[in-house]
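Survey of secondary and tertiary structure
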Amino acid sequence: MKQKQDETLTLNVFTEGLWRENPVFVMLLGMCPVLAVSNTGFNALAMGLATTFVLVTSGAIVSLLRNIIPKQARIATYIIIIATFVTIVDYLIQAISLELYNALGAFIQLIVVNCIILGRAEAYASRQRLVKTVINALGMGAGFTLALLCLGIVREVLGAGSLFGIDLFGPRFEPWVIMILPAGGFIVLSLLLLGFNWINQRISARKEETGTHHAAG
Amino acid sequence: MTNQNEEQSPQKTPTLPMIAVLGGVAMLSGFLVVLVFQLTKPYIAENQRRATQEAVSKVIPDAVVQKQFLIADGEISPFDKDKKGLSIFAGYDAGGALLGIAAPANAQGYADMITLLYGYDHTCECIRGIRILKMAETPGLGDMIKLDPQFQKNFVRLDASLNKEGSALKNPIVTVKHGAKKNNWEIDAISGATISSRAVGKALNKSAQMLLPKLRPHLPTLRSGQPDLAKIK
């Protein structure tokens, strides 16, 4: 029966990170890499995947050790665990592609201090079972990657006239350089947040409407 | 939830478990990092080698064979990673004739150090091409030094001939304002990216002034530098 309970929970546990608790659009966590490495779709995807990897692996270890980590030393322990997996990702990316490594620059190492990861370790992994933690971390990672991709695609298309390195508009297109610059990141992020909140408001408004309707009926 | 727990337990700090857990986690972490480091090392080295090789073949276009040398204390020797010195690349054609030399150069750009590789052709005593290896210049402005075709044209035949004594460049390589280039040892700056363009000029001048006088007496050695040892597959 316990298992069944877990199963009913899982879908929610996963989708939470995608929409309702999206790390970027709702929790506004980890803004530093969001703004810095979302200048092209490919960079955004790579950064999202690297963060997801660290989220899942560090969450898994924290969840496994949650009963033996003393409360007083928990943050230090989490940071060691997170830093380990960030270092691993750092080496892996270097082994996969140096070009990608140079493009992402210092932001791979800076995943260590990304608040999403420590936040999830503290708020979720340290009190949930392994399976749930991993699924939730996958959802959060997917949500983060999705948000980065939203920004990255808009910025690359407008700022460089290409998508994932493929030229879209031909040589006559004059790129909006500001979109690749940090200021463009802020502009796109704010517009996306606006859109996200607008949709959410409409959804909740509709829910209320149908709710009162039912109550009245 | 944590607040409740914290309020309930102002008890003594469990020193031993803290040390044990932190120590254990740190050990595990060290083991994992070393493991991954060892596993990825050959791939990273291979990537780096390929990146350098690609850059060299960009600045010495027709080279079929590349060989790395080390210049230290006025002597030239085949590259040895344990020895210190300035590392350069020599490019040869299929017949083993020396086509040119590629050497690294760097200078402070607008955002960070710009590192580049340039190809020197000893027959025309000129620079035949550059390739930016590392930079953090402003996207859309400073980073045009990497791809702007107009700017790259500066390096098709940039004069880098030595003076009579062979101690320095006859004319130092300088970057001039966009559109003001008159001599072929001048670099026409990109308008809007003057600082980055100047940095490229500075890097080339610094490296050429230092390297080329040292290189000249060794050209015969380089010409005969058994290139088949470093055959590219």
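Residues numbered from 1 in each chain as written. Chains lettered and ligands numbered in written order. Predicted model: local features only at pLDDT ≥ 70, side-chain atom pairs only at ≥ 80, totals over all residues.

1. So, the overall build of chain A
Secondary structure assignment for chain A yields nine helices and two strands. N-terminal to C-terminal, the α/β element order of chain A is α-α-α-α-α-α-α-β-β-α-α. Dimensions of chain A, computed from the C-alpha atoms along their principal axes, are close to 65 × 60 × 30 Å. Looking at chain A residue by residue over its 217 residues, the buried ones come to 40%. In chain A, 77% of the contacts between residues at least 6 apart in sequence involve partners at least 24 apart. (Helix = DSSP H or I, 4+ residues; strand = E, 2+ residues; numbered from the N terminus. Buried ≥ 20, exposed ≤ 12 C-beta atoms within 10 Å, placed from the backbone. Contact = placed C-beta atoms within 7 Å.)

2. What about helix α6 (residues 115-125) of chain A?
All names here are of chain A. For α6, the complete set of buried residues consists of I116, I117, R120, A121, Y124 and A125. Along the axis of α6, the buried residues cluster in a sector spanning 130°; they form a single face. Summarising the contacts, the buried residues of α6 are in contact with α3 (41-64), α4 (74-96) and α7 (130-160). (Arc of directions from axis to C-beta.)

3. A closer look at the interface of chain A and chain B
The interface is formed by 22 residues belonging to chain A together with 22 residues belonging to chain B. Contributing elements (two or more residues each) for the side of chain A that touches chain B: α4, α5 (98-104) and α8 (177-180) of chain A. In terms of residue count, the dominant contributor to the side of chain A that touches chain B is α4 of chain A (11 residues).

4. Remarks on unusual backbone geometry
Backbone geometry places L28 of chain A, a non-glycine residue, at a positive phi of 50°. Structurally, the position occupied by L28 of chain A is in the loop between α1 (2-18) and α2 (31-36). C-beta crowding within 10 Å serves as the criterion here: with 13 such atoms nearby, L28 of chain A is assigned to the partly exposed category. The phi torsion at E125 of chain B lies on the positive side, around 50°, for a residue other than glycine. Examined against the element boundaries, E125 of chain B turns out to sit in the loop between β5 (113-121) and β6 (126-134).

5. Points about the nonpolar core
Counting 47 residues, the largest nonpolar core has A50, V54, V89, A147 and L151 of chain A as its most contacted members. When contributions to this core are tallied by element, the ones reaching two or more residues are α3, α4, α6, α7 and α9 (182-216) of chain A together with α2 (15-59) of chain B. In terms of residues, this core owes the most to one element, α7 of chain A, which gives 10 residues. Residue contacts for V54 of chain A: discarding those within four places in its chain leaves I82, F85, V86, V89, I111 and I117 of chain A. Counting 44 residues, the second largest nonpolar core, distinct from the first, contains I76, A90, A105 and A189 of chain B. (Core = buried A, V, L, I, M, F, W, Y, C linked by C-beta atoms within 7 Å.)

6. Structural notes on the confidence of the model for chain B
Residues and elements named next belong to chain B. Considering every residue of chain B, the mean pLDDT works out to 82; 91% of them sit at 70 or more. Within chain B, helix α1 (residues 2-8) has the poorest average pLDDT of any element, 49, and α2 the best, 90. Taken as a whole, residues 1-7 scores under 50 in pLDDT and shows zero contacts with residues more than four places along the chain or in a different chain. This stretch, residues 227-233, has a pLDDT under 50; its non-local contacts, to residues over four places away or in other chains, come to 11 contacts. Here the complex is predicted with pTM 0.74, and the ipTM for its interfaces comes to 0.75. (pLDDT = per-residue confidence, 0-100.)

7. Observations regarding the packing of α3 of chain A against α7 of chain A
When two helices pack together, their arrangement is captured by the angle between the axes and the distance separating the axes. Residue and element names in this part refer to chain A. At a minimum axis distance of 8 Å, the contact between α3 and α7 shows a crossing angle of 165°. Accordingly, the angle class assigned to the pair α3 and α7 is roughly antiparallel. Once α3 is placed against α7, the crossing between them reads as right-handed. Split into classes, the residues belonging to the contact of α3 with α7 amount to 19 nonpolar, 11 polar and one charged. (Axes fitted to C-alpha atoms, helices over the stretch in contact; angles between N-to-C directions. Parallel < 35°, antiparallel > 145°, perpendicular 65-115°, else oblique. Left-handed = near helix turned anticlockwise from the far one by under 90°. Nonpolar A, V, L, I, M, F, W, Y, C, P; charged D, E, K, R; others polar.)

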